[in-house]
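# Secondary and tertiary structure notes
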Amino acid sequence: MQQSGHPAPAPVNGPFGFVVIDKPAGLTSHACVSRLRRSYGLKRVGHGGTLDPAVTGVLPIALGPATRLLPYLPGEKTYTGVIQLGRRTSSDDLDGELLEQQAWPSLSEAELNSNLEAFRGAIEQRPPQVSAVHVDGERAHARARRGEAMDLPPRAVTVHRLELLDWNAALGQLSIEVHCSAGTYIRSIARDLGDRIGCGGCLASLRRTQALGFHAHQAHPLPERDAVPPDPLSPLLALGALPRRDLSEAEQIDWRCGRRIAMDPGPGEAVVVCNADGSMAGIGHRESEGLLRPKVVFDAAG
């Protein structure tokens with residue numbers, strides 16, 4: 001029973017949680033966010049992980065206060081794609097200007113896998129010219145579309161898994177699946193693989209099947225303008241990798257007032273905090289004194 005004089009946490013007003021969109025080709029991630037902003041009647045809507053217009057697949061979108069949880073979701077992503085050997089383009093995919101075309105060598109699957117080994121694990125990767133990387137305060141793609149050529153420094157990324165799914169020797173196309181850290185460009189893998197083989201390469205198609213802990217089977221088509229949008233998913237579905245602290249009813253009051261609560265030592269800084277009824281109360285950060293400091297508080301008091 002709730003203590004006398006202490007109201008229970010109120011439900012978050014309006015839609016709260018995540019909706020997973022299966023982004024169609026031809027739309028920007030920003031356009032999808034704008035559509036959902038209208039569909040749900042919300043101002044606070046944000047996406048996790050930009051997809052290029054040509055790329056399809058999983059685009060998690062945060063609704064309402066759930067936008068504050070985006071930094072705490074797992075950053076790793078999974079893609080399936082097709083690499084076209086024998087072509088170099090300005091954007092490292094088939095949408096760019098063709099810079100060079102040549103025949104690809106005769107390769108076995110074993111030889112392809114041997115070449116792919118260089119892109120597995122912790123690697124240094126140079127982003128594509130047409131990318132969202134900031135260069136002197138401006139996105140690289142904006143500079144590239146003005147005809148500027150940039151010397152983009154390589155960045156450390158991790159390719160946790162890179163599998164060869166199929167090799168069509170007649171077309172010079174290999175199908176791959178990649179599970180990688182945030183910031184990894186599959187277009188760069190296509191480009192660099194082509195360079196390694198010696199014939200050039202670019203990305204022919206790409207689909208994201210997992211992002212921020214959400215998967216393709218949870219995705220919905222982008223709602224039509226006048227259609228009823230899908231019910232949002234609980235943020236807890238994507239935060240399962242974080243430690244969890246369940247509050248007693250008395251502790252809920254302290255939490256909502258921004259007071260620290262006790263927390264046993266353990267791994268990781270961020271902790272998911274839930275109310276006594278299992279609903280999400282927010283995110284806390286561990287402190288060395290065995291305390292949990294409120295960082296994200298839903299239904300804060302005062």
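The preceding data block contains the structure.
Residues numbered from 1 in each chain as written. Predicted model: local features only at pLDDT ≥ 70, side-chain atom pairs only at ≥ 80, totals over all residues. Heavy atoms only, no water.

Across its full length, the protein carries 5 helices and 19 strands. By residue count, 46% of the 302 residues in the protein fall in the buried class. Considering only intrachain contacts with a sequence separation of at least 6, the fraction spanning at least 24 residues in the protein is 67%. For the protein, the accessible surface area stands at approximately 14,600 Å², while carbon and sulfur atoms represent 51% of it. (Helix = DSSP H or I, 4+ residues; strand = E, 2+ residues; numbered from the N terminus. Buried < 20%, exposed > 50% of the residue type's maximum accessible area, 1.4 Å probe, protein only. Contact = heavy atoms within 4.5 Å. Areas by Shrake-Rupley, 256 points an atom, 1.4 Å probe, with all protein chains shown as cover.)

Let us now look at the pairing of strand S11 (residues 173–180). S11 sits mainly inside the fold: 6 of its 8 residues count as buried. One ladder, built from 8 bridges, connects strand S10 (residues 155–168) with S11; its direction is antiparallel. Bridging across to S11, Val 159 finds its partner in Cys 180. The turn joining S10 and S11, which pair antiparallel and follow one another in sequence, is formed by 4 residues; a positive phi near 70° is taken by Gly 172. (Pairing = 2+ DSSP bridges.)

We now examine helix H4 (residues 186–197). With 12 residues, H4 ought to run about 16 Å at 1.5 Å a step, and its terminal C-alpha atoms sit 17 Å apart, in line with that. Where burial is concerned, most of H4 is hidden: 10 out of the 12 residues are buried. Looking at H4, one finds that the buried residues are Ile 186, Arg 187, Ser 188, Ile 189, Ala 190, Arg 191, Asp 192, Leu 193, Gly 194 and Ile 197. Elements that come into contact with the buried residues of H4 comprise strand S4 (77–85), helix H2 (109–116), strand S7 (121–125), S10, S11 and strand S12 (201–211). Taken from the residues just after H4, Gly 198 is the one with a positive phi, measuring 100°. (Expected span 1.5 Å × (residues − 1).)

So, on to the environment of Glu 289. Mapping Glu 289 onto the fold places it in the loop between strand S18 (280–287) and strand S19 (291–297). Distance from Glu 289 to Pro 265, taken between C-alpha atoms, is 8.7 Å for residues 24 residues apart in sequence.

What follows covers the sheet that holds S18. Spatial strand order, S15-S17-S18-S19-S16: 5 strands in an open sheet with mixed pairing. If you trace the sheet from one side to the other, it starts and ends with strand S15 (244–246) and strand S16 (261–262), each paired once. Sheet topology places S16 next to S19; 2 bridges connect them, and they run antiparallel. Note on S19: the bridge partner recorded for Ala 262 is Leu 291.

Overall, the coordinates contain 2 aromatic pairs when judged by the stated rule. Centre to centre, the rings of Phe 16 and Phe 298 are 5.0 Å apart; their planes meet at 70°, and the pair counts as edge-to-face. With a gap of 282 residues between them, Phe 16 in the segment before strand S1 (17–23) and Phe 298 in the segment after S19 connect regions that are remote in the sequence. Here Phe 16 matches Phe 298 in class, with each residue buried. Considering the side-chain rings of Phe 18 and Phe 214, the 5.3 Å spacing of their centres and the 40° angle between planes classify their relative orientation as tilted. Taken as a pair, Phe 18 in strand S1 and Phe 214 in strand S13 (residues 214–215) lie far apart in primary sequence, 196 residues in all. Given the relative accessible area of 0%, Phe 214 is considered buried. (Phe/Tyr/Trp six-rings, centres within 6.5 Å; stacked < 30°, edge-to-face > 60°.)

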